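Given next are the chains, with one letter for each unit.
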Amino acid sequence: MDNGTSTPLQQPPADLPAGPYDGASPYDAYVRASVLNNLQRPLTDAPDEMGFLVSTQVMELWLTLIVHEWRAAASAFAKDDIDSAGDALVRSRRALTSLNSTWTPLASLTPAQFNGFRAAFGAASGYQSAMYRHLEFLLGDKSETLLRLHQGDPAVHETLVEAYHRPSLYDEVLGYLYRRGLPVPEHIRDRDMTAPYTADPGVVEVWRRIYAGPQRDPLLTLGEQLTDLAELVLRWRYDHIMVVRRAMGAKTGSAGSPGLVWLEQRATKPVFPELWEVRGGL
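Fair warning: this is a prediction, and the values are worked out from it, not measured in the lab.

Calculation rules
- Residues numbered from 1 in each chain as written.
- Predicted model: local features only at pLDDT ≥ 70, side-chain atom pairs only at ≥ 80, totals over all residues.
- Heavy atoms only, no water.
- Helix = DSSP H or I, 4+ residues; strand = E, 2+ residues; numbered from the N terminus.
- Polar contact = N/O pair within 3.5 Å; in protein donor to acceptor, adjacent residues only side chain to side chain.
- Contact = heavy atoms within 4.5 Å.
- Core = buried A, V, L, I, M, F, W, Y, C linked by side-chain atoms within 4.5 Å.
- Buried < 20%, exposed > 50% of the residue type's maximum accessible area, 1.4 Å probe, protein only.
- Phe/Tyr/Trp six-rings, centres within 6.5 Å; stacked < 30°, edge-to-face > 60°.
- Lys NZ or Arg CZ within 6 Å of the ring centre and 35° of its normal.

## Points about the side chain of Asp200
- Structurally, the position occupied by Asp200 is in the loop between helix H10 (186-189) and helix H11 (201-212).
- Among the polar contacts listed, one links the side chain of Asp200 to the side chain of His187, at a separation of 2.7 Å.
- Sequence-distant contacts of Asp200, that is, excluding residues within four places in its chain, are made with Pro185, His187, Ile188 and Glu274.

## What to know about the nonpolar core
- Trp70, Leu177, Trp207 and Phe272 are the most contacted members of the largest nonpolar core, which totals 62 residues.
- Contributions of two or more residues to this core are made by helix H3 (49-78), helix H4 (82-101), helix H5 (111-118), helix H6 (130-138), helix H9 (169-179), H11, helix H12 (218-248) and helix H13 (260-267).
- Of all the elements, H12 adds the most residues to this core, at 14 residues.
- Ignoring anything within four residues of it in the chain, the contact list for Trp207 reads Tyr170, Val173, Leu174, Leu177, Leu219, Gly223, Leu226, Glu274, Leu275 and Val278.

## Here's the deal with the packing of aromatic side chains
- By the definition in use, this model includes 14 aromatic pairs.
- Residues Phe114 and Phe121 carry aromatic rings whose centres are separated by 5.9 Å and whose planes lie at 65° to one another, so their mutual orientation is edge-to-face.
- Geometrically, the ring pair formed by Tyr127 and Trp262 is tilted, given 5.9 Å between the ring centres and 55° between the ring planes. Remark: Trp262 occurs in helix H13 and Tyr127 occurs in the loop between H5 and H6; sequence separation between them is 135 residues.
- Take Tyr127: its relative accessible area is 22%, and that puts it in the partly exposed class.
- Judged by relative accessible area, which is 21%, Trp262 ranks as partly exposed.
- Positioned above the aromatic ring of Tyr178 is the side chain of Arg189, whose terminal nitrogen or guanidinium carbon lies 3.7 Å from the ring centre.
- Above the ring of Trp276, the side-chain terminus of Arg279 is found at 5.9 Å from the ring centroid.

As structure tokens, then:
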């Protein structure tokens, strides 16, 4: 029965400040929660649109963190700071795991539920994500055609142009291995960094030496860290395919993209390819 008094569970702890905050709370001033919580603008009355918007926005935040960590790791490898690089890779693995889980709220959308708000996209499509493009460039999957899509947004385009011309995370790893005395081929070290990375037999041999050596070698640990990331990226791509296949099948994607066909083509692109190829020869 409610007798007008608060129970102990309803009362604030005695050591909390008693008065109101002068403006936004310190928490909100730091986290900017009120900004984040006002970024959702559903355009329909479809009950599933809010979940789609929130999930997609959360994906963008995780992508931002992963890009941040991979840039930090690449910079550390360039300085031969393997400890800092490894720490950044570990943090990015946790972020990738969380990124992949954001498919869960969308994974069971039926065609009718998806169609309830799909028209609100207009010309918007996930392949237009600049942060995902940045992630792909860090993986060595460079594309001038996709880079040009962002020319209309100068700030975004400038950031992507920098990433397009810089060595990828994997390029920095291979440079580090070369400085550690491993025979990374010269044509790999001096390659055009704006070209997509492709597997090379000489790099397979580098990883073969590492994996055939002492099993507690820090370089083997590095190889497994990169393999973890590659696997999570591949799982992200596959889960994306399954969400689209379940919600819309083989329909043309928004903005006229090929939809499922496009995603299936992208999913076949290798991530750190020699780390997968080397395993067959051990």
